[in-house]
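Architecture and fold: a report
Spelled out, the chains give:
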Amino acid sequence: MKGMVEKMRLRVMDQLPPIQAMVHTGSYHMLIAYCGDMRLRLFGDHHQGFRCLGTVPCHFSTSCLFYDPATELLLCGTLGAVVTWFILPNGRSIEMAQIVPMANHELVQGFSLNGPQGSLLALCEDTVRVFIHRGQGQLEEVKKFTPVASGSSITCSFTCVSQGNFYAGNTAGEIHAWGLDQGNFLHSFQAHSSSVICIHSRPEIHTLLTAGSEGTVREWNLTYGNLLRQLNVDEDLQRLQFIDNTTFFCQTTYSFSLHHLPYFYSLFNVCGSAPQQVQRVCCGHNWTRILCATEDGLLRFLSPVTGDLLVITWPLLVMDKALAWAYDSEREELFVALGSSEVLVFDATRSPCTVKYLVCTSADGKDRVRCLAYGRSHLQKGLGGLMFCGHESGIVRILSHYSRARIEKTVHSGAVLALSTLEGLQENALLCSYGMDNIIHLTEAVLQVNKVVLQPVSKILCGCPLKHVILLPGSVGAITESYCWRLWHYEGSLTSSESKQSFVWRETKCLHECDITSFDVCLPLKLFVTGGIDGSVRIWDFHGRLVTEIDSALHFGPLCFANNRGDLLLTFNQSIYIVSCLKLLPPAQLVHLRILKNADEIQEVPKPFLPSFFFMFETVFVPRFVYLGRGRQELQGLETLVNKRFIAFDNTVPHVVEEERSMSLVIQKTKFPLFEAKDIDFSTLDSKHNRPRHEVPAQLQLAGWDGFNAYQMLQCFFGQGRQWPFAPDGYIPNSVIRARLWPEGTPVFLCCDLYSSYQVKDWDLSSMTLVEEKMSRSQQKDKSKKRKGTSLDILESMANQNWMRRNYSGRLMDDLIEAILNLTIYCSVEEYKRYFRVLKRIFATCQISSELVSKTAHRLLQDTTHSNPHIRELAWEVLDRLGLMNHHFAIPLTMGLMDSDENVRAKALYLMVRVTGIQTKTRLVQLLKKQETLRKMQ
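Rules of the game
Within each chain, residue numbers correspond to sequence positions counted from 1 in written order. Local features in this predicted model are restricted to residues whose pLDDT is 70 or higher, and side-chain atom pairs enter the listing and the counts only when it is 80 or higher, whereas totals over whole chains, interfaces and linings include all residues. Side-chain calculation: all heavy atoms of the structure are included, whereas hydrogens and water are not. Secondary structure elements are taken from DSSP: a helix is a run of H or I of four residues or more, a strand is a run of E of two residues or more, and numbering for both begins at the N terminus. Residue exposure (1.4 Å probe, protein chains only): buried if accessible area is under 20% of the type maximum, exposed if over 50%, otherwise partly exposed. It only takes one pair of heavy atoms within 4.5 Å for two residues to be counted as in contact. Residue-level accessible areas treat just the shown protein chains as cover; the underlying method is Shrake-Rupley with a 1.4 Å probe. Each axis is a line fitted through C-alpha atoms, taken for helices only over the stretch in contact, and angles between the N-to-C directions span 0 to 180 degrees. Reported orientations rely on four angle classes, namely roughly parallel under 35 degrees, roughly antiparallel over 145, roughly perpendicular from 65 to 115, and oblique for the rest. Asp, Glu, Lys and Arg are counted as charged, while Ala, Val, Leu, Ile, Met, Phe, Trp, Tyr, Cys and Pro are counted as nonpolar; the rest, among them Gly, fall into the polar class. Strand pairing is defined by DSSP finding a minimum of two bridges between the two strands. Between the rings of Phe, Tyr and Trp (Trp by its six-membered ring), a pair exists once the centres lie within 6.5 Å; its type follows the angle of the planes, with under 30 degrees stacked, over 60 edge-to-face, and the other angles tilted. Consider the ring centre and the ring normal. A charge sits over the ring if Lys NZ or Arg CZ is within 6 Å of that centre and within 35 degrees of that normal.

Under an unreviewed UniProt entry, the name given to the protein is WD repeat-containing protein 87, and the source organism is Macaca fascicularis.

Given below as structure tokens:
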């Protein structure tokens, strides 16, 4: 009868010892068993009535049996070897083909065929060995995976080709991961309290499923290894195996069960940090990007089609203050409000984005920029798009490169809380603004003759505070403080007067029982989505009717629509996931979507990640423009942004890494109005890696000279009475600003940069001992008399042996000088003297490269700002004794004349007269104020 299962029981006549391992040989219809007596027993399967076909001696204890259907080989695992067997064509016997020894004589505990590219895996105690077939029953080991510091036996494994990872679980409940290509160990974590019996990866959602014999199935996030969810199956779990990506079966001692793990989302992008906001940005016709801001201070553009990373900003410290952002798609500039009156502008034509300029939008530094919005319209005279910013004072400004568009207007009586424009290219440059006064204003930017003006169109008295506001064609939508959806419709033309303009509005019931933190609109389908602070997600139509609610134990964060089809982007576990509209929307909405026939969006090619050479500097120079009102702006110099973070990629996932670097004392002791470092809290500097501050008393200032003003220095280098070399968009790239760095390096006498160019290294002092050994061998001394002591003792002993007159390699001398320069960073005054006594001898007897001479001079100039006055005085003396000074040193010596210590000032004055010939203060000031002074130093 169809559908019935027939059960047969056939008696095996021979009495067998307990079976320790058994395998079925597929199409050969044969069962092979091992019973612990050094023999393999062959039986026919149910097709042959379980008849005994014979026994074959194997001469070794077998721990496991496995049949490979692709090669039709039988594999036996034993202590220290893998044995392969041919199955004879008649299917009634087997013949040994090869014995493959294990290098470390491990016990082979199991086999698997899910290795890289279909290779064979042998689980050998705490190691997984990879074999490939060479034909004729021959195996060859090509790779092995060994965990670090783990002696527990491997129990299961899984190969994920799409991720390039190999996973293995062991009896201690640990999961280990390796890279497939190179076999390098990546990481491990504790997954279960008992033995791991199954591993399964789901790359489409970037998770890893593991099962433990304690009876739990757990799902882990692959980026950070955190536990997502757990399923309790049975305490007596013997076996678990996946049938497909969502279905698995469980076997216990007395039961068998099937389980289904559905998922409605797919991985869109792994951010590497928790997303704080995601929004859809229109860049042109059928061209959009997803702008994502993450907790680590990065802004990135993602492709809405593939989820690929297109462009990413560089992690400057000032980005920690980012409050709002908007994208000018016409000029490809990303505007970022910094929680003050300043707006930072990035060049989005490259990845990572470089900073183009900084705009101070108001003379009042307390008038913060609260929000930004960009709109495209058909204004003439090059004004294809306008960037609006809303201020704490209620003013709305337009930021533009064109003076005719730089306008401002007081729109609200309180702070401007939100700005919104229509998506895409519009006939009218309409702006919607909402303020602290609970009024929505509709204004239009109009070009009158040669000036843009903001004309009031309409205003809406809200009657209650709003949380989210969006401008739609013909209406304004908002989420109220009571979590309701309110929609105002226009009646009449937008060009009608404000007094006659009226609105019809309606309000829905409460959408969530908690704060609504995320909100977005899909205009073609007339839908909007809301995300609650409790992680709930709901989709509504414009009438406030619930369309879809996502019922999940997962806690979702920021969200937005990915496209006009209604595909939804959700964030959790530091990643972005996409939910297809086919799973979200009811049939009626899908029919409507089909009628719309939305065109496919442009698929962009990601820009290559090519960090600029100038990101190696600890400071980034940024032109600072200030709005002066009435369409005027002025370049007021250079702003310096602290650059102490870098981007490191884990495959395609960017991570922000912060490097500890010593801060220069130049920036610590003098504050320049046009040259300030932002966000440096010097009180937090680590005393071990940063010297104590050396403050210059206020009375020690040189009248008539404003110090190392880098802006004026650069004007001297490049201006020469003419305009700066601006690009057409007003952008001064760092390649221009940093142009005082010549191929040979910055001249020593212009060493006034904002950070230490000399990098502190961890030196292995044993290298100097090896040098001493070479010297001793060259003088035929007994190796047993090798001198022991500190690095300083070694250096002095080497100097006393008069070895420096010998012809040793330049590389050896370079290493010694580098070592001395590093060892003097943290030492006592007496040690400082002794180190440079040795250095003086090296300079006197050896040929030193120009690079090391310059590096030594740089180091000594840094020491002239040391916290210890004795070190500062010694540094000037060593500069003189090494013959590194000339008349160009008037600038650094001027700083020495303003030192707080009398002895240092006396030393600097002596050197000023002897080296430069300057004997009066008047002559010195005249020299420093001359524009030609710095230019001649090139």
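With that settled, consider the overall build of the protein. When you go through the protein residue by residue, the secondary structure sums to 15 helices and 56 strands. When burial is assessed residue by residue, the protein has 53% of its 938 residues classed as buried. Within the protein, contacts between residues at least 6 apart in sequence are counted, and of these 50% link residues at least 24 apart. Accessible area for the protein stands at about 43600 Å²; split by element, carbon and sulfur atoms hold 51% of it.

Okay, the packing of helix H9 (residues 829–845) against helix H11 (residues 869–881) next. Running from N to C, H9 and H11 point in directions that differ by 10°, and their axes come no closer than 11 Å. Here H9 is positioned roughly parallel relative to H11, judged by the angle of their axes. Two secondary-structure elements touch here, H9 through Val829, Tyr832, Lys833, Phe836 and Lys840 and H11 through His870, Ile871, Leu874, Ala875, Val878 and Arg881. Looking at the contact of H9 with H11, its residues break down into seven nonpolar, one polar and three charged.

In terms of burial, strand S26 (residues 287–294) is a largely internal element, seven of the eight residues being buried. Note: strand S25 (residues 275–284) against S26, eight bridges, orientation antiparallel. Paired with Pro275 across the bridge in S26 is Thr294. Joining the antiparallel neighbours S25 and S26 is a turn of two residues, in which Asn286 adopts a positive phi near 55°. Hairpin connection, S26 to strand S27 (residues 299–302): the antiparallel pair is bridged by four residues, and Gly297 has positive phi, about 90°.

With that out of the way, let us pick up the sheet that holds strand S17 (residues 196–202). Pairing is antiparallel across the open sheet formed by four strands, whose spatial order is S17-S18-S19-S20. Both outer strands of the open sheet, S17 and strand S20 (227–232), are each paired with one neighbouring strand and no more. Put simply, the sheet's adjacent strands are angled 15° from each other on average, direction ignored. One ladder, built from five bridges, connects strand S19 (residues 216–221) with S20; its direction is antiparallel. Bridging from a neighbouring strand, Glu219 pairs with Arg229 of S20.

Glancing now at the packing of aromatic side chains. For the structure shown, the criterion picks out 24 aromatic pairs. With centroids separated by 4.4 Å and ring planes inclined at 20°, the aromatic side chains of Phe145 and Phe166 adopt a geometry described as stacked. Residue Phe145 is located in strand S12 (residues 138–145), and its partner Phe166 is located in strand S14 (residues 165–170); the two are separated by 21 residues in the primary sequence. Both residues of the pair, Phe145 and Phe166, belong to the buried class. On the numbers, 5.2 Å between centres and 50° between planes, the contact of Phe242 with Phe248 is tilted. Sitting over the face of the ring of Phe301, Arg289 holds its NZ or CZ atom 5.0 Å from the ring centroid. Note that Arg406 overlies the ring of Tyr627, its terminal NZ or CZ placed 5.9 Å from the centroid.

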